[in-house]
Amino acid sequence: MRVFLLSLAVAALAAVTVAVATLAAGSALAGNALRLEGHYTQGGLVYGWTEPGARVTLDGTAVPVSPGGRFLFGFGRDAGPTALLEIAHPGGITDRQTLTIEPRVYGVQEIEGLPPSTVTPDPALQERIAAENARVAAARQPQAAVEYWAGGFAWPVEGPISGVYGTGRILNGEPRQPHYGVDVAAPEGTAVAAPAAGIVTLAETGMVLTGGTIVIDHGQGLSSTLMHLSAVLVPAGRFVEQGTIVGKVGATGRATGPHLDWRMNWRDARLDPALLVPPMPADALASDQPATGD
Ligand SMILES: [Zn+2]
């Protein structure tokens, strides 16, 4: 049996989630099988199923495969135009698939009124920011081999979307790194839920740019980062279920007001969280919460 399915980015997001949940319940595929499902786009995540014992690489880098034959991989903001997926089956056959990654067009957002020290930090602050970035990067490295992500994803907080993935940034008039997360504006103190199950690998307050910050390892290299929290309610090392309240919305770090910045990584590739959840409910989008961000 040989199954090969490429689902393009136009697929409804909810449909992808349902398909994953359904397939997740099934057993591993047998005999040189390969099934792929997800978003073949910059910032997209692709779920894969193959038979146990297969070895998977993406552009030559090993992709962890669970004992049941499941794996996933993602594409960064500027990934493409293609990626090479290789599946070495236990029987000796190797599948090679050249995946085409749809490019995206990113806007540019200008934000004024940020604390100048966080936009143009002095050398001492730059050093501190670099050290903090290194700690966050370490927390995003694959640690759990378990597929905690298999239960799917939900918005950690609901509200108007005040910043989207990939946007170029001009902060206080200065060009800066693109925006890699999705910003959801919500009142200070609103409960923030874990978007999917996982192990908390970082739980800090007072980070220069991101303030109260939590990293959750969803397994197989997939992680969420929740930023600008006014309260961090779980310690590093704790397992959380999807929906566990892990913190509270705040405006800590570099922010123009209370909002949640939700980022997702597959290893070092930054993904678009909005591709993994249903659309934000209309009543949440219509809230008159000020559109604060960064
Ligand atoms: Zn943001």
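To be clear, the structure that these remarks concern was listed above.
Along each chain, residue indices are assigned from 1 in the same order as the chain's sequence is written. The predicted nature of this model means local features are confined to residues of pLDDT at least 70 and side-chain atom pairs, given and counted, to a pLDDT of 80 or more, with totals for whole chains, interfaces and linings taken over all residues.

(A) Spatial organisation of the overall build of the chain. Helices and strands together make up the secondary structure of the chain, namely four helices and 21 strands. Between the buried cut of 20 or more and the exposed cut of 12 or fewer other C-beta atoms within 10 Å of a residue's own C-beta lies the partly exposed class, and all C-beta atoms are placed from the backbone. Across the 294 residues of the chain, 44% fall into the buried class. A pair of residues counts as a contact when their C-beta atoms, built from backbone coordinates, are separated by no more than 7 Å. Put simply, of all contacts in the chain between residues at least 6 apart along the chain, 68% involve residues at least 24 apart. The secondary structure listing takes helices from DSSP runs of H or I that are at least 4 residues long and strands from runs of E that are at least 2 residues long, numbered from the N terminus.

(B) Structural view of the sheet that holds strand β6 (residues 82-88). The criterion for strand pairing is that DSSP finds at least two bridges linking the strands in question. Read from one edge of the open sheet, four strands run β4-β3-β6-β7, paired in antiparallel fashion. Among the strands making up the open sheet, the edge pair consists of β4 (61-63) and β7 (94-100). Adjacent strand axes in the sheet meet at a mean angle of 25° when their direction is disregarded. In terms of strand pairing, strand β3 (residues 55-58) meets β6 through four bridges, oriented antiparallel. Bridged to Thr57 within β6 is Glu86. To get an axis, a line is fitted to the C-alpha atoms, and for a helix only the part in contact is used. The angle between two axes follows their N-to-C directions and goes from 0 to 180 degrees.

(C) Representation of the pairing of strand β15 (residues 211-219) in the model. With respect to burial, β15 is a largely interior element, nine of its nine residues being buried. Where strand β14 (residues 198-207) and β15 come together, six bridges link them in antiparallel fashion. Counterpart to Met207 in the pairing with β15 is Gly211. The antiparallel hairpin formed by β14 and β15 contains three residues in its connecting segment.

(D) How the structure looks around the pairing of strand β16 (residues 222-229). In terms of burial, β16 is a largely internal element, eight of the eight residues being buried. Where β15 folds back on β16, the antiparallel hairpin that results is connected by two residues, among which Gln220 adopts a positive phi of roughly 55°. Pairing of β16 with strand β20 (residues 259-266), which is carried by six bridges, proceeds in the antiparallel orientation. Counted as the bridge partner of Leu226 is Trp262 from β20.

(E) Structural view of the sheet that holds strand β19 (residues 245-248). Within the open sheet, the three strands sit side by side as β13-β19-β17. Their pairing is antiparallel. Strands at the two margins of the open sheet, each flanked by one partner only, are β13 (191-193) and β17 (231-232). Two strands pair when backbone bridges link them, and β17 and β19 are joined in this way by two bridges, in the antiparallel orientation. Bridge assignment links Ala231 to a residue of β19, and that residue is Lys248.

(F) The arrangement of the nonpolar core in detail. Ranked by size, the top nonpolar core spans 61 residues in total, and within it Leu72, Ile214, Leu226 and Leu260 carry the most contacts. The start and end points of each domain follow an automatic or database-based domain assignment. Each of two domains, domain 1 (13-100) and domain 2 (108-285), supplies a minimum of three residues to this core. If near-sequence neighbours (up to four positions away) are discounted, Leu226 is found in contact with Pro156, Val192, Ile214, Val246, Gly247, Leu260 and Trp262. The nonpolar core criterion groups buried Ala, Val, Leu, Ile, Met, Phe, Trp, Tyr and Cys residues into a set whenever they are joined through C-beta atoms within 7 Å.

(G) Molecular detail of the environment of Lys248. One can find Lys248 in strand β19. Taking the C-alpha atoms as reference points, Lys248 and Thr190, separated by 58 residues in sequence, lie 5.3 Å from one another. In contact with Lys248, other than residues within four places in its own chain, are Gly189, Thr190, Ala191, Val192, Leu229, Ser230 and Ala231.

(H) Structural view of the environment of Gln289. Relative to the elements of secondary structure, Gln289 occurs in the segment after α4 (282-285). As a C-alpha pair, Gln289 and Pro160 span 129 residues in sequence and 7.0 Å in three-dimensional space. Other than its neighbours up to four places away in sequence, Gln289 contacts Gly159, Pro160, Ala185, Ala186 and Pro187.

(I) Molecular detail of unusual backbone geometry. A cis geometry characterises the amide bond from Gly80 onward to Pro81, with omega recorded as 5°. On the secondary structure map, Pro81 appears in the loop between β5 (70-74) and β6. Phi angles above zero are rare outside glycine, and Gln220 is one such case at about 55°. Mapped onto the elements, Gln220 comes out in the loop between β15 and β16.

Taken by themselves, the reported measurements are silent on function.
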